[in-house]
Amino acid sequence: MTNTTLETKSSPNTNTGEAGSLQLTGISKSYGGGNGPLAVDNINLQIKSGEFLTLLGPSGCGKTTTLRMIAGFENPTAGELTLDGEDMIGLTPDKRPMAMVFQSYALFPHMSVYDNVAYGLKLLKMGKKQIEQEVNFALTSMSLLAFADRSPNQLSGGQQQRVALARALVMKPKVLLFDEPLSNLDAKLRVQMRTEIRRLQQKLGITSVYVTHDQDEAMSLSDRIVVMRHGKIEQLAPPRGGLPAAGVGLRGGFHRTGQLPRRRWFHCARYRRDSHGTGQRPRR
Ligand SMILES: Nc1ncnc2c1ncn2[C@@H]1O[C@H](COP(=O)(O)OP(=O)(O)OP(=O)(O)O)[C@@H](O)[C@H]1O
Ligand SMILES: [Mg+2]
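Residues numbered from 1 in each chain as written. Chains lettered and ligands numbered in written order. Predicted model: local features only at pLDDT ≥ 70, side-chain atom pairs only at ≥ 80, totals over all residues.

Novice: Sorry if this is basic, but what is going on with the overall build of the protein chain here?
Specialist: Counting secondary structure elements, the protein chain contains eight helices and 10 strands. Per-residue burial for the protein chain yields a buried fraction of 38% across its 284 residues. Of the contacts formed within the protein chain by residues at least 6 apart in sequence, a portion of 70% connects residues at least 24 apart. (Helix = DSSP H or I, 4+ residues; strand = E, 2+ residues; numbered from the N terminus. Buried ≥ 20, exposed ≤ 12 C-beta atoms within 10 Å, placed from the backbone. Contact = placed C-beta atoms within 7 Å.)

Okay, structure coming up:
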């Protein structure tokens, strides 16, 4: 990828989404029809308008479940969720003024980049001319205009992630949700993209909830960090000053930037063990 700078000029869309304030009150989730163990256990959290808040914690602590409940992909077993005082519970994801960027990008493989970004606006029944304006604006902002006719599998990982971001931003959401959006990128691109995401978020002032298990990523992006463990909030603090206690805990259980991504790390650990320190892939 040659240019990862995300330009932000004024959008031609007059429906500029204002940043929203989210309130989670006593939110819990148990899968299996409410009979399973609590994946999220009594979360109380206010996310201020325009704030960048990160959910940080080890695998399985309930980060994605929390995010999916905010987005409306999962229903809480208990609790209340409001956006600017309006009850969100029971609203399907398309009825919530939010957009989500996934780790897997979740682009439609059979559609061009242009159609991927236009998809949500078509569902809103926006006029063709305005869709064209909006999509071209979003693609230009993400330095993607030259790729408009390509399909996602003809793009690099970083370019695909920018399409996913363009597709989210074009909807002018009140809240932007990110589930480990950078973990499929190499370390250098991850650092580049997180800088751009933060710059873009600050410029547009969109309320953002970001999930990661990378402590450095959380520290560099966030206004506040929620440390989760076993479905509960263990700590809530700004990135500087308030987190050393969590940091002590984090060093044991998290992966810091510069290390291999988790799955590969586990692979390597296994190979090291199985090959008695030779670093060779074990024979099957
Ligand atoms: N669809 C599901 N059905 C049953 N249990 C689930 C489902 N999704 C998640 N869980 C369980 O809920 C708990 C929280 O999962 P969740 O995906 O929210 O964790 P996470 O913090 O996002 O983890 P990771 O960092 O690995 O993505 C885990 O114990 C997980 O096994
Ligand atoms: Mg997750």
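Next, the rest of the story.
Novice: Would you mind showing me how to read the site of ligand 1 here?
Specialist: Within the structure, ligand 1 sits among Y31, A39, G57, S59, G60, C61, G62, K63, T64, T65 and H213. In terms of residue count, the dominant contributor to the shell around ligand 1 is helix α1 (residues 63–71) (three residues). Residues that form the shell around ligand 1 fall into these classes: three nonpolar, seven polar and one charged. (Near = placed C-beta within 6 Å. Nonpolar A, V, L, I, M, F, W, Y, C, P; charged D, E, K, R; others polar.)

Novice: Please clarify how the packing of helix α2 (residues 113–123) against helix α3 (residues 128–141) should be interpreted in this entry.
Specialist: Helix-helix packing is characterised by the crossing angle of the two axes and by the distance between the axes. It is at 10 Å that the axes of α2 and α3 come closest, and there the two elements cross at 130°. The orientation of α2 with respect to α3, classified from their angle, is oblique. The handedness of the crossing between α2 and α3 comes out as right-handed. For the pair α2 and α3, the contacting residues are Y114, V117, A118, L121 and K122 in the first and I131, E134, V135, A138 and L139 in the second. Of the residues in the contact of α2 with α3, the class split is eight nonpolar, no polar and two charged. (Axes fitted to C-alpha atoms, helices over the stretch in contact; angles between N-to-C directions. Parallel < 35°, antiparallel > 145°, perpendicular 65-115°, else oblique. Left-handed = near helix turned anticlockwise from the far one by under 90°.)

Novice: How should the environment of L38 be read in this particular structure?
Specialist: Relative to the helices and strands, L38 resides in strand β2 (residues 38–47). Overall, L38 belongs to the partly exposed group, with 18 C-beta atoms counted inside 10 Å. Separated by 10 residues in the primary sequence, L38 and S28 place their C-alpha atoms 6.9 Å from one another. When sequence neighbours within four positions are dropped, the list of residues in contact with L38 reads S28, K29, S30 and G231.

Novice: Could you clarify how one ought to interpret the pairing of strand β10 (residues 232–237) in this entry?
Specialist: Along any regular strand, the residues point their side chains to alternate faces of the sheet. Examined bridge by bridge, strand β9 (residues 224–229) and β10 share five bridges and lie antiparallel to one another. Paired with I225 across the two strands is A237, which belongs to β10. (Pairing = 2+ DSSP bridges.)

Novice: I tried to follow the nonpolar core on my own but got confused; where do I start?
Specialist: Nonpolar side chains in soluble globular proteins generally cluster together in the buried interior. Within the largest apolar cluster, 65 residues are counted, with the highest numbers of intra-cluster contacts made by V117, A138, A166, A168, L177 and V209. The contact partners of A166, leaving out residues within four places of it in the chain, are V117, A138, L139, M142 and L144. (Core = buried A, V, L, I, M, F, W, Y, C linked by C-beta atoms within 7 Å.)

Novice: Hey, could you run me through the sheet that holds strand β8 (residues 207–212) in this one?
Specialist: The strand order across the open sheet formed by six strands is β6-β7-β8-β3-β9-β10, and the pairing between neighbours is mixed. Only two strands of the sheet have a single neighbouring strand rather than two, namely β6 (98–101) and β10. On average, each strand axis in the sheet is inclined to that of its neighbour by 20°, with strand direction left out of account.

Novice: In this structure, what is going on with the environment of G57? I would like to understand it.
Specialist: Topologically, G57 is positioned in the loop between β3 (52–56) and α1. By C-beta crowding, G57 is classed as buried, having 30 other C-beta atoms within 10 Å. Apart from residues no more than four positions distant in its own chain, G57 is found in contact with K63, H213, V227, M228 and R229.

Novice: Can you walk me through unusual backbone geometry in this structure?
Specialist: The phi angle of most residues is negative, glycine excepted, and most peptide bonds adopt the trans form. Although it is not a glycine, N42 adopts a positive phi angle of roughly 60°. Within the secondary structure, N42 sits in strand β2. One non-glycine residue with positive phi stands out, namely D84, at about 50°. In this structure, D84 sits in the loop between β4 (78–83) and β5 (86–87).

Function cannot be read off these values alone, since they describe shape.
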